[in-house]
Amino acid sequence: MKQHQNILIAGVGGQGNLVCGKTLAQAAVEEGYKPVVGQIFGASRRGGTVQTHVRISNSNLGPLIPRGDVHIILGLEPMETLRAAIEYAGPETIALMSETPVQTVDSLAGRKLYPRLDELRGSLSALARRVYSVDPTETLEDLGTYRVQNSYMLGALCGIQTARLSKESIKTGLIEIVGRSQPNTEAFEEGLKAGRCAVSE
Amino acid sequence: MIEGDQVLMSGNEAIARGAIEAGIRFCASYPGTPSTEITEYIMKTSDRRDIHAEWSTNEKVALEASTAASWAGLPALCPMKSLGLNVAADFLLNVNLSGTGDGGLVIVVCDDPRGHSSSNEQDSRFYSKAAHLPLLEPSSCQQAKDIMPYAFEISKRYEIPVIVRSTTRLSHTRAIVELGEVPDIEIESAHDIPSNLYNVPRPDFKHKQLLAKLDDIKEDFEKSRFNKLDSSDKRVRILASGITNRYSEEAMRKLDLEDIEILSITTTFPLPGKSVLKALDSATHVLFAEEGQPFTEENVAVLFAKRKNRTVPELHGKIDGVIERYGELNVDKVAHALSRITGCEFRPVPPEFEERAQKSRELLLDRPPTFCPGCGHRAVYWAIKKAKQRFDKPVVVTGDIGCYSMGIFYDSSLDTMQAMGSSIGTASGLGQLSRFGFDQKVIAVAGDSTFFHACLPGLVNARNKNADLTFIVIDNNTTAMTGFQPSPSSHIQRGETFSVDIENIARAALPDYIDIGIASDIPATTDLIHENLTRDGLKIIIVKAVCRLAEREDSKAERPKVYIDADSCIGENCKLCMTQFGCLAIEWNEEEDHSEIENHLCVRCGDCIVVCPHDAIRRG
Ligand code: SF4
Ligand code: SF4
């Protein structure tokens, strides 16, 4: 068993990045670890890049994952998954990416092109040991809210079975942090299914 | 949450909890990232615990108010961000001499290396040196909590403020904290304030007394349990303070180095020289790991310089440049420094990985901060832009600190942006330069919270000197940037506070013209601004705006939908609503060649309707 596990949650402001981090940390506490959660954000509420670093271990580690040491990237947004991989990925990195892009000011205005998904996936594969991607769009549209994408992705994380934490404790952590709301649990379950079916590239 | 519980807490929450465990009765603060959550945490339980907690008008007032509480015997906390201490510094460098009475006063200052959410990366520790005040730098969330009662103890004993310094990385990190006991104190009543709370006529005497206190505190610090200054026979020693302790441990493990001892100093000023020198004895190399400037590094260098006839180890850090002097530290930077000192190799990732990463970087697009969909500030900047286009002379726009600072990134709407209140201050200078041939009209832009915080002296100056300028106050009723704390003018006030009206205060300055606008009425605001540009004198426009994040969630549903009529949108040849107005809720539909509104992002403000020259954006 590895000494510790480093999970990096990558996304943009408003995607519930920190909620994911808190959930994983809570799950880690349930399992008796001493997690540490660090955050990098600028003007996060206003659409900037947000990264939450979750470090699960038995000792009091520093808040940020050192370059090359990330074990899992939980990507809530495709381009941000790649950004995180460029900054932090190393030989052991496994990336799990949501396929729903959040456009930027420049891409919305047509000044720059948002990268194609297959380009992003290709680049990711060159940087990570395994890459999984899931598409939450249908589930989120059915549920009528994009706010639960983080629950979906946490489900998917359980589905690909690379997290040190058990599905049960992540679920318990989620309920503890966001409450037992129906869209959240449903998104989690759908994500779990999607994660189980996802094959790595 | 009770004593002995192990809970996940951020560094800021831990600081607040520590203050509560220290028995504070008073907390005054002005919001500022990364310090805001300290006061917010205290406010959450303040009623239950009988603590007075307030958002003061600015940091200086907050410090003055908390000092007053301490004078009256009530332990008081005053948290602020780095730049806030600049505002409070005038008072600080007086009250250090006068003293804070026996209540106890702790100032928590949160620095922001790399400026994640600040306009500079100042090292506030120099204030403790300038004011001769004790300084503590906790290194973990647990220590951040544990150090607070100790900080109050020192403050009470010596009757001076104690400064606790955090950094973004500690303040915003969550980790397990074991709680201590919250003392069950009866509400003590305040007592009379001490006599002689002034420094004149002999500030030098007071200074002498303060220096004597500092000598005693240094002796206390020699024995402080918060330092880890053990003797060692390792060749290399790292002297770490604050969060860099964690980076140092990890860097050492990464490089697999054994001949290194990590020493930890929490009481960084006044430096307990004897124990520091003892701990560094026989080292051949010392690396200083600290966020900000080489503060401890310089203080230790002076210790060595004073020590006669002894060998001095090689000192490394920000002075010799093994660690760069700007930016934020991390594990990699400490590891690089260690590798340069010891000669052992450090590569965080293999070289071929670097190459691939470099190539992938080309795919990334930036995400500059921008206004939320429907933000009133965007509407006001749009109106300013239109008014400028209509006006025949050049216009300069001076900016201030708040969400509207993002005008910097919004089509360069702002030409300047420095400190709180600087919009009107710099404008009052520019507005008096016409006799030197400066022929631009000046607009100053500030928000409601900033107006009260630091704009009033500038406004008075502008009136008094008859500066020619237009001062636009965008009043969205909240301190939005830091998470919607009420400003003095907010309609909804906390507890028994009283709303203070901006218009009345502005009128009292007797401007030549004063107008009230509404941000969402873009054509009328544009006319107002244009009209005022054509006038001379001091002109004030108060624009009522809405912060969409602070707005009630159901208000969106009360407004009719806004949509883009596909047939009227002329497509590719225009795109103005996206390229220029730039509301994030408007997207380009590539297949159908027209813009469209993303319903789950749109707040139905309707601001974009007048922006479209082809009347394609409509309500209904
Ligand atoms: S938080 Fe409020 S004031 Fe700030 S950009 Fe968003 S809507 Fe505007
Ligand atoms: S109505 Fe227009 S400006 Fe307002 S949020 Fe919707 S798209 Fe943006």
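Here is what the cut-offs are and how they apply
Residues numbered from 1 in each chain as written. Chains lettered and ligands numbered in written order. Predicted model: local features only at pLDDT ≥ 70, side-chain atom pairs only at ≥ 80, totals over all residues. Heavy atoms only, no water. Contact = heavy atoms within 4.5 Å. Buried area = accessible area lost by both parts, 1.4 Å probe. Salt bridge = Lys/Arg side-chain N within 4 Å of Asp/Glu carboxyl O. Helix = DSSP H or I, 4+ residues; strand = E, 2+ residues; numbered from the N terminus. Nonpolar A, V, L, I, M, F, W, Y, C, P; charged D, E, K, R; others polar. Buried < 20%, exposed > 50% of the residue type's maximum accessible area, 1.4 Å probe, protein only. Arc of directions from axis to C-beta. Pairing = 2+ DSSP bridges. Right-handed = clockwise from strand over helix to strand, strands pointing away. Near = heavy atom within 4 Å. Axes fitted to C-alpha atoms, helices over the stretch in contact; angles between N-to-C directions. Core = buried A, V, L, I, M, F, W, Y, C linked by side-chain atoms within 4.5 Å.

1. Some remarks on the interface of chain B and chain A
Taken together, the contacts link 52 residues of chain B with 59 residues of chain A. Where chain B abuts chain A, roughly 4700 Å² becomes buried across the two surfaces, and 61% of that area is made up of carbon and sulfur atoms. The three residues of chain B that bury the most area against chain A are Leu363, Leu365 and Arg367 of chain B, which together make up 18% of that side's buried surface. Inspection of the chain B/chain A interface yields five salt bridges. When the shortest N-O distance is used, the salt bridge between glutamate 77 of chain A and arginine 367 of chain B registers 3.0 Å. Sorting the residues of the side of chain B that touches chain A by element identifies β8 (174–178), α9 (244–255), α12 (331–342), α13 (351–361), α19 (576–581) and β20 (586–589) of chain B as the ones contributing at least two each. In terms of residue class, the side of chain B that touches chain A is made up of 26 nonpolar, ten polar and 16 charged.

2. Quick notes on helix α4 (residues 117–127) of chain A
Of all the residues in α4 of chain A, the buried ones are Leu120, Arg121, Ser123, Leu124 and Leu127 of chain A. Buried residues of α4 of chain A, viewed axially, fall in a sector of 165 degrees; they line one side. Against α2 (78–88), β5 (94–98) and β6 (130–134) of chain A together with α13 of chain B lie the buried residues of α4 of chain A.

3. Concerning the pairing of strand β3 (residues 52–55) of chain B
Residue and element names in this part refer to chain B. Residue alternation in β3 divides its side chains into a buried set, Ala53 and Trp55, and an unburied set, His52 and Glu54. When strand β2 (residues 26–29) meets β3, the two strands line up parallel, connected through four bridges. The partner of phenylalanine 26 across the bridge, within β3, is histidine 52. Taken together, β2, helix α2 (residues 36–49) and β3 form a β-α-β motif whose crossover is right-handed.

4. A word on the site of ligand 2
Around ligand 2 sit 14 residues in total, of which Cys583, Cys602, Cys605, Gly606 and Cys608 of chain B are the nearest. In terms of residue class, the shell around ligand 2 is built from eleven nonpolar, two polar and one charged.

5. Here we look at the sheet that holds strand β12 (residues 314–316) of chain B
Residues and elements named next belong to chain B. The parallel open sheet is built from four strands, whose spatial order is β10-β9-β11-β12. Each edge of the sheet is formed by a strand with only one pairing partner; in this case those strands are β10 (260–264) and β12. On average, adjacent strands in this sheet sit at an angle of 20 degrees to one another, irrespective of strand direction. Packed onto the sheet, α12 meets β9 (236–240), β10, β11 (285–289) and β12 and runs at close to 165 degrees relative to β11.

6. Quick word on the site of ligand 1
Around ligand 1 sit twelve residues in total, of which Cys372, Cys375, Cys403, Cys547 and Arg548 of chain B are the nearest. In this structure ligand 1 sits where residues from chains A and B come together. Residues belonging to the shell around ligand 1 are distributed by class as follows: eight nonpolar, two polar and two charged.

7. What to know about unusual backbone geometry
Note on backbone geometry: most residues besides glycine have negative phi, and most peptide bonds are trans. All names here are of chain B. Omega for the peptide link from valine 200 to proline 201 comes to 5 degrees, which places this bond in the cis form. The linkage connecting phenylalanine 269 with the following residue, proline 270, adopts the cis geometry, with an omega of -5 degrees. Topologically, proline 270 is positioned in the loop between β10 and α10 (273–280). For aspartate 256, which is not glycine, the phi dihedral falls at a positive 60 degrees. Inspection of the secondary structure assignment puts aspartate 256 in the loop between α9 and β10. Residue classification places aspartate 256 among the exposed positions, given a relative accessible area of 63%.

8. Overview of the nonpolar core
All names here are of chain B. Counting residues in hydrophobic clusters, the biggest one holds 94 residues, and the most contacted among them are Ile42, Leu77, Val106, Val108, Met148, Leu287 and Leu338. Looking at this core element by element, the count peaks at nine residues for helix α6 (residues 141–158). With 70 residues, the next largest nonpolar core counts Val380, Val442, Leu538 and Val611 among its residues.

9. Concerning the environment of serine 200 of chain A
Residues and elements named next belong to chain A. The residue serine 200 is located in the segment after α8 (182–197) in this model. When the C-alpha positions of serine 200 and alanine 95 are compared, they lie 9.1 Å apart, and in sequence the two are 105 residues distant. Not counting residues up to four positions away in its chain, the partners in contact with serine 200 are Arg130, Val131 and Tyr132.

These values are about where atoms sit, not about what they do.
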